[in-house]
Amino acid sequence: MALEHAILVSLTERAGSGYELARRFDRSIGYFWPATHQQIYRTLRRMDEAGWVKHTEIAQDGRPDKKVYRIAAAGKAELTRWLAEPEDPAVLRDSLGVKLRGASIGSPDIVLKEVERHRAEHATRLEIYRGIQKRDFPKPATLHGRDLHQYLVLRGGIRAEESFVAWCDEVIHALRKDSR
């Protein structure tokens, strides 16, 4: 998937300026397809030139005009094409796993600390996802359409984080036991 497709999906949900899109990425879609603010602005410019998005300039007092983007017909066509395209199953590429494989070459204690650090980061992200679920989807059985789709992506993130935290716990326990 290209960043363009993530932006198109976001724009189908709501039009917005580059800044607003970057904020949305920071709070939602970016958990699954991260992008810097600069990447979003550059990509919006390319998409505008390609006719995938259109923008309206809104005058602001004391600041440059704001461009508010919305998806254009060509962007909807591209998104429709991309949605129908078969996707290769995700391949796990995780440098932490490679470090763990090589731990006996270096220092297992250093790798243990790295696993503990990763566990903490994933546990934090898991709590963020659970907070989003509680706040935005308190009654999942009543969801349909776009809300259901957003919820299901969030649930995938929750399940992935739960699994990663559990794996880290298993690794930490085994490495500590092995160092005795």
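The rules behind each value
- Residues numbered from 1 in each chain as written.
- Predicted model: local features only at pLDDT ≥ 70, side-chain atom pairs only at ≥ 80, totals over all residues.
- Heavy atoms only, no water.
- Core = buried A, V, L, I, M, F, W, Y, C linked by side-chain atoms within 4.5 Å.
- Buried < 20%, exposed > 50% of the residue type's maximum accessible area, 1.4 Å probe, protein only.
- Helix = DSSP H or I, 4+ residues; strand = E, 2+ residues; numbered from the N terminus.
- Contact = heavy atoms within 4.5 Å.
- Pairing = 2+ DSSP bridges.
- Axes fitted to C-alpha atoms, helices over the stretch in contact; angles between N-to-C directions.
- UniProt positions renumbered as here; feature names shortened; annotations may be inferred.
- 1 Å grid on protein atoms, 1.4 Å probe; cavity = no way out; pocket = protein on both sides within 12 Å on 5 of 7 lines; lining within 4 Å.
- Points joined across faces, edges and corners; volume = space filled by probe spheres on them.
- Nonpolar A, V, L, I, M, F, W, Y, C, P; charged D, E, K, R; others polar.
- Domains from an automatic or database assignment.
- Salt bridge = Lys/Arg side-chain N within 4 Å of Asp/Glu carboxyl O.

Describing the nonpolar core
What tends to happen in soluble globular proteins is that the nonpolar side chains get buried as a cluster.
Point 1. Ranked by internal contacts, the top residues of the largest apolar core, which has 17 residues, are Ile7, Leu11, Phe25 and Ile40.
Point 2. Elements that contribute at least two residues to this core include exactly helix 1 (3–13), helix 2 (18–27), helix 3 (37–50), strand 3 (63–71) and helix 4 (73–84).
Point 3. The biggest single contributor to this core is helix 1, with five residues.
Point 4. Beyond its immediate sequence surroundings of up to four residues, Phe25 is in contact with Leu3, Ala6, Ile7, Gly30, Tyr31, Trp33, Ala35 and Ile40.
Point 5. In this structure, Leu96, Val115, Ile172 and Leu175 belong to the second largest nonpolar core, which totals 10 residues.

Thoughts on the sheet that holds strand 2 (residues 53–60)
Point 1. One open sheet holds the three strands; their spatial order is 1-3-2, and the pairing between them is antiparallel. Of all the strands in the sheet, just strand 1 (16–17) and strand 2 have a single pairing partner and so form its edges.
Point 2. Along the sheet face, helix 1 touches strand 1, strand 2 and strand 3 and points at about 90 degrees away from the line of strand 3.

Description of the UniProt feature "domain: Transcription regulator PadR N-terminal" (unreviewed entry) in the protein
Point 1. The feature "domain: Transcription regulator PadR N-terminal" (unreviewed entry), as annotated in UniProt, sits at residues 7–80 in this numbering.
Point 2. Taken end to end, residues 7–80 comprises 53% helix and 26% strand; its first and last C-alpha atoms sit 14 Å apart.

What to know about the layout of surface pockets
Point 1. Put simply, the largest pocket is a space of about 960 Å³.
Point 2. Around the largest pocket, the lining comprises 28 residues; the ones closest to its centre are Val9, Glu13, Ser28, Ile29 and Gln150.
Point 3. Taken together, the elements giving at least two residues each to the lining of the largest pocket come down to helix 1, helix 2, helix 4, helix 6 (108–136) and helix 7 (145–178).
Point 4. With six residues, the top contributor of residues to the lining of the largest pocket is helix 1.
Point 5. Here the lining of the largest pocket is built from residues that sort into 15 nonpolar, six polar and seven charged.
Point 6. The residues that make up the lining of the largest pocket include at least three from each of domain 1 (1–84) and domain 2 (95–179).

With respect to the side chain of Ser17
Point 1. Residue position: Ser17 is located in strand 1.
Point 2. The class for Ser17 is buried, based on a relative accessible area of 4%.

With respect to the pattern of salt bridges
If the charged atoms of two oppositely charged side chains come close together, the side chains can form a pair.
Point 1. For the coordinates displayed, the defined rule picks out 11 salt bridges.
Point 2. The partner of Glu114 in a salt bridge is Arg117, and the shortest N-O contact between them spans 2.7 Å. Of this pair, Glu114 and Arg117 both sit in helix 6, three residues apart, which is roughly one turn of that helix.
Point 3. Residue class for Arg117 comes out partly exposed when judged on its relative accessible area of 44%.
Point 4. Linking Asp169 and Arg119 is a salt bridge whose minimum nitrogen-to-oxygen distance equals 2.4 Å. A residue pair is termed long-range when its members are at least 10 positions apart, and Asp169 in helix 7 and Arg119 in helix 6 qualify at 50 residues.

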